[in-house]
Amino acid sequence: MDEDKNKNFLLLIFSLVESKYLSVAEINNLASAAGVASELEVMPEFWLTELAVCQTADEAQDILLEQMREQHVVFDERYVSLFLGFLYLGVQEGKISLSEFEAELVDLIDGYSNYMILTIEDFCHDFSPLNCLPDQNTALGCYLIDAAEKSKNAFCAAIKPLLNT
């Protein structure tokens, strides 16, 4: 697998973990499947082995961050889109609370404003007054829906080869 695919896979897995979209057991299973997939030479075996037996999300994040540093992965607009999409899917599916989503969204807008078309003003206008997820008629709602679709597509593309082994 080439270097760009490795980096994309790392960003995908990290965004899944950081957004709390996958449980630790699901992370373990995904890493195990990636480790035995003959078609995917994603990462060194020790990395997948460590991830396959990690006990907590924090431990998984540490493993992933170390590998991301070694691979020189950049937290760019792709990461922002994946993370935001999984956050949105997570709150829709009840995996995280609306208040957790709100806090993460504010941090994301604040920390990655150079990669987002959204501002804190958009957030305050489209999210805060309603205290619920914005609908697709708002700038924030459209952005969230688009990010969620991209995240689902990226996840499906990454796990499809793993399911065929």
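Predicted model, so just to flag it, every value in this text is computed and none were measured.

Asks: So what's going on with the environment of Ala 147? Residues and values would help.
Replies: Counting through the fold element by element, Ala 147 comes out in helix H8 (residues 139–163). For Ala 147 and Gly 85, which are 62 residues apart along the polypeptide, the C-alpha to C-alpha distance reads 4.3 Å. Excluding residues that lie within four positions of it along the chain, Ala 147 makes contacts with Ser 81, Leu 84 and Gly 85.

Asks: Summarise the nonpolar core; cite the residues concerned and give the values.
Replies: Leu 16, Leu 51 and Phe 101 are the most contacted members of the largest nonpolar core, which has 53 residues in total. Of all the elements in the fold, those that place two or more residues in this core are helix H1 (3–18), helix H2 (24–36), helix H3 (45–52), helix H4 (57–71), helix H5 (77–92), helix H6 (98–111) and H8. The contact partners of Leu 16, leaving out residues within four places of it in the chain, are Tyr 21, Leu 22, Leu 30, Phe 86 and Phe 155.

Asks: Mind laying out the pattern of salt bridges, listing which residues take part and the relevant values?
Replies: Per the stated rule, a full pass over the model turns up 4 salt bridges. Put simply, Asp 146 and Lys 150 hold a salt bridge, and the shortest N to O gap is 3.1 Å. Note that Asp 146 and Lys 150 are positioned in helix H8 at a spacing of 4 residues, about one turn of the helix. Take Lys 150: its relative accessible area is 46%, and that puts it in the partly exposed class. Between Glu 149 and Lys 152 there is a salt bridge, with the nearest N and O atoms lying 3.0 Å from each other.

Rules of the game
Residues numbered from 1 in each chain as written. Predicted model: local features only at pLDDT ≥ 70, side-chain atom pairs only at ≥ 80, totals over all residues. Heavy atoms only, no water. Helix = DSSP H or I, 4+ residues; strand = E, 2+ residues; numbered from the N terminus. Contact = heavy atoms within 4.5 Å. Core = buried A, V, L, I, M, F, W, Y, C linked by side-chain atoms within 4.5 Å. Buried < 20%, exposed > 50% of the residue type's maximum accessible area, 1.4 Å probe, protein only. Salt bridge = Lys/Arg side-chain N within 4 Å of Asp/Glu carboxyl O.

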